[in-house]
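# Coordinates in review
Here is how the chains run, residue by residue.
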Amino acid sequence: MTTLLYSHSDFGQHEVPPGHPERQSRYGAVEAALATSDFDDLIRLEAPEAAWDRIALAHPQDHLDLVQAKAPKDEGWAQLDPDTFMGPHSLSAARRGAGAAVAAVDAVMAGEADNAFIIARPPGHHAEQDRAMGFCFFNNAAIAGLHAQAAHGCARVAVVDFDVHHGNGTQAIFWDRENAFFASSHEWPQYPGTGKETDRGLYDQITNQPLARGEGGQAFRRAWGDRLLPALSDFAPDFIVISAGFDAHAADPLGGLKLVEEDFAWITAEIAAIARDKCAGRLISVLEGGYDLDALGKSAAAHVKALASHGQIG
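Residues numbered from 1 in each chain as written. Predicted model: local features only at pLDDT ≥ 70, side-chain atom pairs only at ≥ 80, totals over all residues. Heavy atoms only, no water.

What follows concerns the side chain of Ser-185. Inspection of the secondary structure assignment puts Ser-185 in strand S7 (residues 180-188). The class for Ser-185 is buried, based on a relative accessible area of 2%. At 2.8 Å, the side chain of Ser-185 forms a polar contact with the side chain of Trp-224. Apart from residues lying up to four places away in sequence, Ser-185 is in contact with Asp-161, Phe-162, Asp-163, Gln-209, Leu-211, Phe-220, Trp-224 and Leu-228. (Helix = DSSP H or I, 4+ residues; strand = E, 2+ residues; numbered from the N terminus. Buried < 20%, exposed > 50% of the residue type's maximum accessible area, 1.4 Å probe, protein only. Polar contact = N/O pair within 3.5 Å; in protein donor to acceptor, adjacent residues only side chain to side chain. Contact = heavy atoms within 4.5 Å.)

Here it is as structure tokens:
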């Protein structure tokens, strides 16, 4: 048993305009960080494109039609919202992010691996049911959780999110689903302006912990240790998906929190411990944000090391 790593050249080819923070080199930074001998034990797989019916678990047909219609065929960019752009390779990249999330769920449920990490680009957690936003087209983490329910009979699924920005899309998709849990720590105030502590979901199955600009590892660990992790444990999920954003790092240009790599390793290990206790270790992780290339690579490496250690223990 081990950790799967899903990647694909399309993730590195998804086009954005010059100067856009969600640039192509983000994929290369993570891929390079995970190419060292420390990660020789990873099982490396190509991310497949998701079938449209899997993406439709989280998004209505009108949204799928719009994204397909907007996608450039040969050159240039299409704009889906003020921050979200598509080039000729973008639709395939977005489908592969969702497809890898689905494939990772299948592999873990089949006992083929302990867990998985997906170097997804574009990210997904801002994508709402019928709206692309915040660099995101399809909500990979939500799709993974809903697929675990639809295809594998997981009654209760959880998405946990430590990106510096609130995962408004995941919250919106899970809002009225009694057996779909969402927990998030995030900077407040910060884009997209959602994620108040009072946002609890229709069935009290959503838990948000805003953090003030300038707060670091101590506040982050307290938020998760005192509130978010206990809520996750109490929910007792059958499968856990991590929205792994690394833009809460102190070096990140889009965030104002002060985390370091060790904080990401710590939270990964804590989530993995709950997965071992509640759902036989069933856990996958999907890349979200992270815009300083050096910090992104080092943070992703710390995260995957913690996942792999969990696999060896589990």
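Looking at the element boundaries, Thr-84 is found in strand S4 (residues 84-86). Those residues in contact with Thr-84 that lie beyond four places of it in its chain are Ala-78, Gln-79, Met-133, Gly-134, Phe-135, Cys-136 and Phe-137. Within the local environment of Thr-84, its side chain forms a polar contact with the backbone nitrogen of Gly-134, the two atoms lying 3.2 Å apart. Polar side-chain contacts of Thr-84 include one of 2.9 Å to the backbone nitrogen of Phe-135.

Now for the packing of helix H5 (residues 90-109) against helix H6 (residues 140-152). A packed helix pair is summarised by two numbers, namely the angle formed by the two axes and the spacing between the axes. Remark: H5 packs on H6, axes separated minimally by 9 Å, with the N-to-C direction vectors making an angle of 40°. Relative to H6, the element H5 is oriented oblique. Of the two possible hands of crossing, H5 and H6 adopt the one that is right-handed. Taking contact as the criterion, the partners of Ala-94, Gly-97, Ala-98, Ala-101, Val-102, Val-105, Asp-106 and Met-109 in H5 are, on H6, Asn-140, Ile-143, Ala-144, His-147, Ala-148 and His-152. Residue classes in the contact of H5 with H6 are distributed as nine nonpolar, four polar and one charged. (Axes fitted to C-alpha atoms, helices over the stretch in contact; angles between N-to-C directions. Parallel < 35°, antiparallel > 145°, perpendicular 65-115°, else oblique. Left-handed = near helix turned anticlockwise from the far one by under 90°. Nonpolar A, V, L, I, M, F, W, Y, C, P; charged D, E, K, R; others polar.)

Another point: the packing of helix H8 (residues 217-235) against helix H9 (residues 261-279). Two elements in contact, H8 and H9, have axes separated by 11 Å at closest approach and are oriented at 15°. The angle between H8 and H9 places the two elements in the roughly parallel class. Helix-helix and strand crossings are classified by hand; for H8 and H9 the assignment is right-handed. From H8, Gly-217, Phe-220, Arg-221, Trp-224, Gly-225, Leu-229, Leu-232 and Ser-233 reach across to H9, where they touch Glu-262, Asp-263, Trp-266, Ile-267, Glu-270, Ile-271, Ile-274 and Lys-278. Here the contact of H8 with H9 is composed, by residue class, of eight nonpolar, three polar and five charged.

Below, the discussion takes up the pattern of salt bridges. Working definition: two side chains of opposite charge can pair if their charged atoms are close together. One pass over the structure, following the stated rule, counts eleven salt bridges. The closest approach of N and O atoms between Asp-10 and Arg-96, which form a salt bridge, is 2.9 Å. Here Arg-96 lies in helix H5 and Asp-10 lies in helix H1 (residues 9-13), a separation of 86 residues in the sequence. Linking Lys-278 and Asp-277 is a salt bridge whose minimum nitrogen-to-oxygen distance equals 3.8 Å. Overlapping salt bridges, with partners in common, bring together Glu-22, Arg-26 and Arg-121 in one network. (Salt bridge = Lys/Arg side-chain N within 4 Å of Asp/Glu carboxyl O.)

Okay, H6 next. Under the 1.5 Å per step criterion, the end-to-end length of H6 is 17 Å for 13 residues, consistent within 8% with the ideal 18 Å. Every buried residue of H6 is listed here: Asn-140, Ala-141, Ala-142, Ile-143, Ala-144, Gly-145, Leu-146, His-147 and Ala-148. (Expected span 1.5 Å × (residues − 1).)

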